Amino acid sequence: MRQRACTRATWLNGTTPAGLALAVLARTARVRTPDGLVVAGGYRLPVPRQECFTVGSVILTRRPAEWLLHPDRADLLGHETRHARQYALLGPLFWPAYWLACAWSYALTGSYGRGNVFERRAGLAAGGYPEPVLRPWAARLVARRAGRDHRRRGGPPPGPARR
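The structure presented is a predicted model; accordingly, all values stated were derived computationally and were not measured.

## Quick notes on the environment of Ala97
Reasoning step 1: Mapped onto the secondary structure, Ala97 falls in helix 5 (residues 94-109).
Reasoning step 2: The exposure class of Ala97 is partly exposed, given its relative accessible area of 25%.
Reasoning step 3: Linking Ala97 and Phe118, residues 21 residues apart in sequence, is a C-alpha distance of 8.9 Å.

What follows is the structure in structure tokens.
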């Protein structure tokens, strides 16, 4: 989906007006990008704690808007832009879906973002997230499942050979 179409969709589904209301409430300085995104710099509210986050087609950052728009941070801007596209698809349903994904991620990894499907699809590295490390119980479950899937296909189990 092209970004301008995403921006229109987020206006229609109400998430961009919600993002702009939050930007005004937080007294941010706002800059509109050529493709219709709004970067709201100087976000000072205590939650969320992230450096940048997106609501609709509004990207809020604790730093000045120009910081995020600098070419050195194109990957981070791309990550947040992908979140705007997620809002275009899900509308306000993004919020409960994202929080469920946060809970699942925390259960698997101890981090709200590293195992979150929305963060993974937006690009973990681009968003500043390290690769996830599974909690021991989750790693055992994945290993067991991989062994079962491998046996169904008729091959030896993955990992070192057993004697």
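Back to the text.
## Looking at helix 5
Reasoning step 1: Under the 1.5 Å per step criterion, the end-to-end length of helix 5 is 21 Å for 16 residues, consistent within 8% with the ideal 22 Å.
Reasoning step 2: Listed as buried for helix 5 are Phe94, Tyr98, Ala101, Cys102, Ser105, Leu108 and Thr109. The arc enclosing the buried residues of helix 5, seen along the axis, measures out at 135°, which places them on a common side. Exposed positions of helix 5 whose direction lies more than 90 degrees from the buried face are Trp99, Leu100 and Trp104.
Reasoning step 3: Following helix 5 by one or two positions, Gly110 has its phi on the positive side, about 80°.

## Some thoughts on the nonpolar core
Reasoning step 1: Ranked by internal contacts, the top residues of the largest apolar core, which has 18 residues, are Val58, Leu60 and Tyr98.
Reasoning step 2: When residues of this core are traced back to their parent elements, those giving at least two are helix 2 (15-25), strand 2 (38-41), strand 3 (52-55), strand 4 (58-61) and helix 5.
Reasoning step 3: For Leu60, the residues in contact, after removing those within four places along its chain, are Leu22, Ala23, Ala40, Tyr43, Glu51, Cys52, Phe53 and Val55.

## Observations regarding a positive patch on the surface
Reasoning step 1: Taken together, Arg140, Arg144, Arg145 and Arg148 make up a surface patch of like positive charges.
Reasoning step 2: With respect to the element layout, Arg148 can be found in helix 7 (residues 136-152).
Reasoning step 3: Arg148 sits in the partly exposed class, given a relative accessible area of 38%.

## Concerning the sheet that holds strand 1 (residues 29-32)
Strand pairing in a sheet takes place through backbone hydrogen bonds and is either antiparallel or parallel in direction.
Reasoning step 1: Judged by pairing direction, the sheet is mixed, and its 4 strands sit side by side in the order 1-2-4-3 without closing on themselves. The open sheet has two edge strands with one neighbour each: strand 1 and strand 3. Strand-to-strand, the axes of this sheet are offset by a mean angle of 25°, without reference to chain direction.
Reasoning step 2: Relative to strand 4, strand 3 runs antiparallel, the two being bridged by 4 bridges. Counted as the bridge partner of Cys52 is Thr61 from strand 4.
Reasoning step 3: Sitting on the sheet, helix 4 (residues 74-90) touches strand 3 and strand 4, and the angle it makes with strand 3 is about 25°.

## Concerning the pattern of salt bridges
Reasoning step 1: Counted under the stated rule, the structure contains 1 salt bridge.
Reasoning step 2: Its salt-bridge partner being Glu51, residue Arg63 comes within 2.8 Å of it at the nearest N-O pair. Placement of Arg63 in the loop between strand 4 and helix 3 (65-69) and of Glu51 in the loop between strand 2 and strand 3 is noted, with a sequence separation of 12 residues between them.
Reasoning step 3: In this structure Arg63 comes out as partly exposed when scored by relative accessible area, which is 37%.
Reasoning step 4: With a relative accessible area of 33%, Glu51 lands in the partly exposed category.

What counts and what doesn't
- Residues numbered from 1 in each chain as written.
- Predicted model: local features only at pLDDT ≥ 70, side-chain atom pairs only at ≥ 80, totals over all residues.
- Heavy atoms only, no water.
- Helix = DSSP H or I, 4+ residues; strand = E, 2+ residues; numbered from the N terminus.
- Buried < 20%, exposed > 50% of the residue type's maximum accessible area, 1.4 Å probe, protein only.
- Expected span 1.5 Å × (residues − 1).
- Arc of directions from axis to C-beta.
- Core = buried A, V, L, I, M, F, W, Y, C linked by side-chain atoms within 4.5 Å.
- Contact = heavy atoms within 4.5 Å.
- Patch = residues over 30% accessible without salt bridge, like charges linked within 9 Å, V, L, I, M, F, W, Y side chains within 5 Å.
- Areas by Shrake-Rupley, 256 points an atom, 1.4 Å probe, with all protein chains shown as cover.
- Salt bridge = Lys/Arg side-chain N within 4 Å of Asp/Glu carboxyl O.
- Lys, Arg positive; Asp, Glu negative; His and termini not counted.
- Charge placed at Lys NZ, Arg CZ, Asp CG, Glu CD.
- Pairing = 2+ DSSP bridges.
- Axes fitted to C-alpha atoms, helices over the stretch in contact; angles between N-to-C directions.

Everything listed is a geometric property; what it means functionally is a separate question.
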